[in-house]
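Structure at a glance
Spelled out from the first residue to the last, the chains are:
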Amino acid sequence: MKKIINILVVVAVIAAIVLVLKRNKKSNQEKTAIATVVSTAVQVQIEAVKEGTFNLGFSSNGVLEPLKSLSFVSNVAGRVESIKVKKGIRVNQGQNLIQVDDEMLKSDYKSSEAAYNSLKKDYERFKNASEAGGVSKQQLDNIQTQMIAAESRYLSSKRRFEDATIQAPISGFINERYVEVGAYLNPGTRLFDIVDDSKLKIQCSVSEQQVLRLKKGQKANLTCNALPGVELSGTISFIGAVADRGLNFPIEVLIDDKKELKAGMYVTTFFESQSESKGILIPRNAVSGSVKSANVFVVNKGIASKRDVIIGAMVNEDVEIISGLQVGDSIVTAGLINVSDGVKVTNKN
């Protein structure tokens, strides 16, 4: 009897051990499954979509340019006798810059002038004689043709002779000189880079929505990193009529007072607006795709779904969403590089 009782006790202990092991195994499997789900979910930053009021003003960046910039080339052939100006000085329009050897040009000019004047006198005599009947119409026409040809040679030689004294086509700063005394020039030889920086302008681009809020003559404020704290202003002098391939329109702003600014400096232009708008704003980082085909990832029950949206105004680091989102939607605002349509996500916050 005692032996049987011992056997039953052993069996009961073994059964209890087996039951505990089974429960532990089930618990471990559940924990492993939870860990697996968590580990396969992509960690992102998720934010709720909100509606807000914002100003329609915007900014655009660009580089300052001179009012005029000319790469001046020669239109005459000859050897340089003298150079009247140095690199780094300012010149006025019409000021003599280079003197080219003009001895042969002057000789050709004088001879062609004499030939033209002689034929001009002959033509007048033939014309008077023709009226008296002493010269035929054919003879008069021949001398007239010769006179016209001589006049053409005379004007061409005169222009070449005058061009031997090369003058500044615009007023400005000699930014670079490419010739020296003794050099031989041909038509098209590069001579100087002349920069008219009496005024500066900035070329920038704005979107198709922004360009509708601008007009020629409108004022703009500017900032330059090279001149911190300096207040700058400008006036819109040009608005492009055609957008580029990126659907941006070129804008030109003329600086009112250049102060210490120089061409080539990086400037931010602020176009202010007196009106405000109400709508949905989301961070630019939340938008993927292009301007014409933008999309965001909306999160629902831990699953990210790709959704097309229509972009409106750019407001600082945010972007207006005209269509595609509603207030209260949850969207991915950071970590998009690892997100695809249908993937599980979890908020890293």
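Attention now moves to the confidence of the model for the chain. In this model, the chain carries a mean pLDDT of 84, and residues with pLDDT of at least 70 account for 88%. When mean pLDDT is compared element by element in the chain, strand β6 (residues 96-100) scores highest at 95, while helix α1 (residues 2-40) scores lowest at 57. Here residues 32-38 scores under 50 on pLDDT; set against residues more than four positions off or in separate chains, the count is zero contacts.

To continue, consider the packing of helix α2 (residues 103-132) against helix α3 (residues 137-163). Viewed as axis vectors pointing N to C, α2 and α3 meet at an angle of 155°, and their least axial separation amounts to 8 Å. Relative to α3, the element α2 lies roughly antiparallel. Note that α2 runs across α3; the crossing there is left-handed. Residues of the contact of α2 with α3, tallied by class, amount to 13 nonpolar, six polar and ten charged.

A word on the packing of aromatic side chains. Across all of its chains, the model carries four aromatic pairs by this definition. Seen from their ring centres, Y116 and Y154 are 5.5 Å apart, and the 5° between their planes marks the pair as stacked. Pair noted here: Y116 is in helix α2 and Y154 is in helix α3, with a separation of 38 residues, a long-range link. We note that Y116, like Y154, is buried. Cluster of aromatic residues (ring-pair linked, three or more members): Y109, Y116, Y154 and F161.

This part covers the nonpolar core. L97, I98, I166, L191 and F192 are the most contacted members of the largest nonpolar core, which has 30 residues in total. When residues of this core are traced back to their parent elements, those giving at least two are β4 (78-83), β6, α2, α3 and β10 (190-207). Counting residues per element, this core draws most heavily on α3, at six residues. Leave out the neighbours within four places in its chain, and I98 touches V80, S82, I83, K84, A164, T165, I166, V179, L191 and F192. Formed by 21 residues, the second largest nonpolar core is a distinct cluster that contains L64, V206, I251 and V253.

So, about the environment of R307. With respect to the helices and strands, the residue R307 is situated in strand β18 (residues 303-315). Take R307: its relative accessible area is 32%, and that puts it in the partly exposed class. Between the alpha carbons of R307 and V296 there is a distance of 5.4 Å; along the sequence they are eleven residues apart. If sequence neighbours within four positions are ignored, R307 has contacts with A294, N295, V296, V298, G324, L325 and D329. Within the local environment of R307, its side chain forms a polar contact with the backbone oxygen of G324, the two atoms lying 3.3 Å apart. Engagement of the side chain of R307 in a polar contact is seen with the side chain of D329, the distance being 3.2 Å.

Moving on, we get to the sheet that holds β4. Note on sheets: strands pair through backbone hydrogen bonds, and any given pair is parallel or antiparallel. Strand order in the open sheet made by the four strands is β7-β6-β4-β9, with antiparallel pairing throughout. Because the sheet does not close on itself, it has two edges, and the strands there are β7 (165-167) and β9 (184-185). Direction of pairing for β4 relative to β9: antiparallel, over a ladder of two bridges. The residue bridging R79 from the neighbouring strand is Y184, located in β9.

Right, let's get into the side chain of D193. Mapped onto the elements of the fold, D193 is located in strand β10. Its relative accessible area of 14% is what places D193 among the buried residues. One polar contact links D193 to R190, side chain to side chain, over a distance of 3.2 Å. Beyond its immediate stretch of four places on either side in the chain, D193 contacts L70, S71, F173, I174, N175, E176 and Y178.

Okay, unusual backbone geometry next. In this structure, K259 takes a positive phi of about 50° despite not being glycine. Under the relative-accessibility criterion, K259 is labelled partly exposed at 44%. Phi is positive for K301, close to 55°, though the residue is something other than glycine. Within the secondary structure, K301 is located in the loop between β17 (294-300) and β18. For K301, a relative accessible area of 82% gives the class exposed.

Scoring rules and cut-offs
- Residues numbered from 1 in each chain as written.
- Predicted model: local features only at pLDDT ≥ 70, side-chain atom pairs only at ≥ 80, totals over all residues.
- Heavy atoms only, no water.
- pLDDT = per-residue confidence, 0-100.
- Helix = DSSP H or I, 4+ residues; strand = E, 2+ residues; numbered from the N terminus.
- Contact = heavy atoms within 4.5 Å.
- Axes fitted to C-alpha atoms, helices over the stretch in contact; angles between N-to-C directions.
- Parallel < 35°, antiparallel > 145°, perpendicular 65-115°, else oblique.
- Left-handed = near helix turned anticlockwise from the far one by under 90°.
- Nonpolar A, V, L, I, M, F, W, Y, C, P; charged D, E, K, R; others polar.
- Phe/Tyr/Trp six-rings, centres within 6.5 Å; stacked < 30°, edge-to-face > 60°.
- Buried < 20%, exposed > 50% of the residue type's maximum accessible area, 1.4 Å probe, protein only.
- Core = buried A, V, L, I, M, F, W, Y, C linked by side-chain atoms within 4.5 Å.
- Polar contact = N/O pair within 3.5 Å; in protein donor to acceptor, adjacent residues only side chain to side chain.
- Pairing = 2+ DSSP bridges.

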